[in-house]
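Architecture at a glance
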Amino acid sequence: MLYKLFYYFHADVSWLNVFRYITFRTILSSLTALVICLVFGPWIIRKLRAMQVGQQIREDGPPDHLSKAGTPTMGGCLILPAIVLATLFWVDPLNAYIWLVVFVVIFFGAVGFADDYLKVSKKNSRGLRPGAKFAFQVVGGLLVVLILYFHPEFDTHLNIPFFKNVSPDLGMGYIPFALFIIVGASNAVNLTDGLDGLAISPLIVAFASYLVFAYLAGNVKTATYLQIPYLPGVGEISVLCGALVGAGLGFLWYNAYPAEVFMGDVGSLSLGAVLGTVAVVTKHELVLILVGGLFVFEALSVIFQVAYFKLTGGQRIFRMAPIHHHFELKGWPEPKVIVRFWIVAIILALLSFSTLKLR
Ligand code: 57M
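The rules behind each value
- Residues numbered from 1 in each chain as written.
- Predicted model: local features only at pLDDT ≥ 70, side-chain atom pairs only at ≥ 80, totals over all residues.
- Heavy atoms only, no water.
- Axes fitted to C-alpha atoms, helices over the stretch in contact; angles between N-to-C directions.
- Helix = DSSP H or I, 4+ residues; strand = E, 2+ residues; numbered from the N terminus.
- Parallel < 35°, antiparallel > 145°, perpendicular 65-115°, else oblique.
- Left-handed = near helix turned anticlockwise from the far one by under 90°.
- Contact = heavy atoms within 4.5 Å.
- Nonpolar A, V, L, I, M, F, W, Y, C, P; charged D, E, K, R; others polar.
- Expected span 1.5 Å × (residues − 1).
- Bend = angle between axes of the 7 residues up to and from the residue.
- Buried < 20%, exposed > 50% of the residue type's maximum accessible area, 1.4 Å probe, protein only.
- Polar contact = N/O pair within 3.5 Å; in protein donor to acceptor, adjacent residues only side chain to side chain.
- Core = buried A, V, L, I, M, F, W, Y, C linked by side-chain atoms within 4.5 Å.
- Near = heavy atom within 4 Å.
- Areas by Shrake-Rupley, 256 points an atom, 1.4 Å probe, with all protein chains shown as cover.

1. Describing the packing of helix H7 (residues 200–217) against helix H14 (residues 334–357)
Between H7 and H14, the shortest axis-to-axis distance is 9 Å and the interhelical angle comes to 15 degrees. Taken together, the axes of H7 and H14 lie roughly parallel to each other. Every pair of crossing elements has a handedness; the one defined by H7 and H14 is right-handed. Along the contact surface, H7 presents Ser201, Pro202, Val205, Ser209, Val212, Phe213 and Leu216, while H14 presents Trp342, Ala345, Ile346, Ala349, Ser352, Phe353 and Leu356. A per-class count over the contact of H7 with H14 returns 11 nonpolar, 3 polar and no charged.

Spelled out as structure tokens, the structure:
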């Protein structure tokens, strides 16, 4: 938006042409979000501490976590404004995809905020009732999917990674499919957010990957060369992904072990839903299984654990789910679990790039 204003007043100045480039604006949006998070981080952490927005710790969790009681939560209140501001500064304001994703940031952020607020104000770890939280997620996700579905240019074909000639048309079936991706990603990131930096680093990796996919899909030359669907306008999503990467890095500065702040549901529900939405908008839906592989792995560990627990009347596959707790209880120090999980996330994201060539 900001760069459009520059044009308005100085359209004849040739160096301003650099602002036309998505790559240049992506760098600027990531730096803007990074600086906002780094500069305002200490202030927000002080405010959250003063307002006693401290984490309640469940007593049935790994014992090491009890020392985390009182760590300020709701750090998403730093991440989300940084993303929105940096995005609005550097994107083309006429791009509808951007507004759709900004809506997701705000809507899912508001649901998470309500959940966190109830937890900290009532001083227990329950928050919104799970049914209510899920219902809000479905409503938000459905709105997004319906807007996309009824857009005349939106394509309901599904691209199958590694198979360039297989792309079934899901028709109306695309609606529940995309909804599952958005709501599923939101919950999977939320489940993963249980150790310092465990969710934000794989999110940075995932958004950096989608930054590349969006750029390639939004450019007619690269899309044709790679035989991926050409999606006019989707290149701007790179600028937004840049803001997500920058804000994530800025937040990681404070969330790195030992964390000075947690992102809270306001961060995790929103960033997860944004990841799902970006996967849908860039038509790289199934690639999310690799790009966000760590989140899938964490969510599956919970599904299997809960199912097995119910079927067997109380027996477990893992010492505790989500699976990061299993390794903690096996005696791995927290930083070791975190860094090893990051390594897995990075390898999976790198593998996702092979889908561009192996087809
Ligand atoms: C929320 N929240 C963290 C923080 C963060 C169905 C069941 C598996 C659900 C699951 C659950 O409730 N998950 C969602 C996970 C919590 O973090 C807060 O929540 C926000 C994210 N939503 O931003 O505000 C705790 O995680 C730790 N943390 C860090 N560093 C961070 O940067 O150390 C978070 C961020 C924080 C802090 O300790 O308090 C959480 O883990 O609660 N439930 C569980 O995860 C529980 N699992 C469980 O009950 N498993 C059972 C099966 C049968 C369901 C089993 O395996 O036996 C565990 N979680 C905890 N204690 N804390 C077990 C008990």
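2. Notes on helix H2 (residues 22–50)
Look at H2: 40 Å from first C-alpha to last across 29 residues, which is about the 42 Å you get at 1.5 Å a residue. Maximum bend of H2: about 45 degrees, positioned at Phe40, with proline Pro42 one to four residues after it. Trailing H2 by a residue or two, Gln52 shows a phi angle of about 60 degrees, which is positive.

3. Brief notes about the side chain of Ser352
For Ser352, the location among the structural elements is in helix H14. We classify Ser352 as buried; its relative accessible area is 0%. Within polar-contact distance, the side chain of Ser352 engages the backbone oxygen of Ala349 at 2.5 Å.

4. Notes on the nonpolar core
Residues Leu203, Tyr210, Ile237 and Leu271 are the most contacted members of the largest nonpolar core, which totals 86 residues. Per-element tally for this core: the top contributor is helix H9 (residues 236–255), with 11 residues. Setting aside residues up to four positions removed in sequence, Leu271 forms contacts with Ile79, Leu80, Ile83, Ile200, Leu203, Phe207, Leu244 and Met263. Ranked by size, the runner-up nonpolar core spans 10 residues in total, among them Leu294, Phe318, Ile323 and Phe327.

5. Regarding the site of the ligand
As a matter of local geometry, the ligand sits amid 30 residues, with Gln55, Asn190, Asp193, Gly264 and Asp265 nearest to it. In the environment of the ligand, a nitrogen atom lies 2.7 Å from a nitrogen or oxygen atom belonging to the side chain of Asp196. Relative to its unbound accessible surface of 1,100 Å², the ligand loses 84% to contact with the protein. Broken down by class, the residue content of the shell around the ligand amounts to 10 nonpolar, 13 polar and 7 charged.

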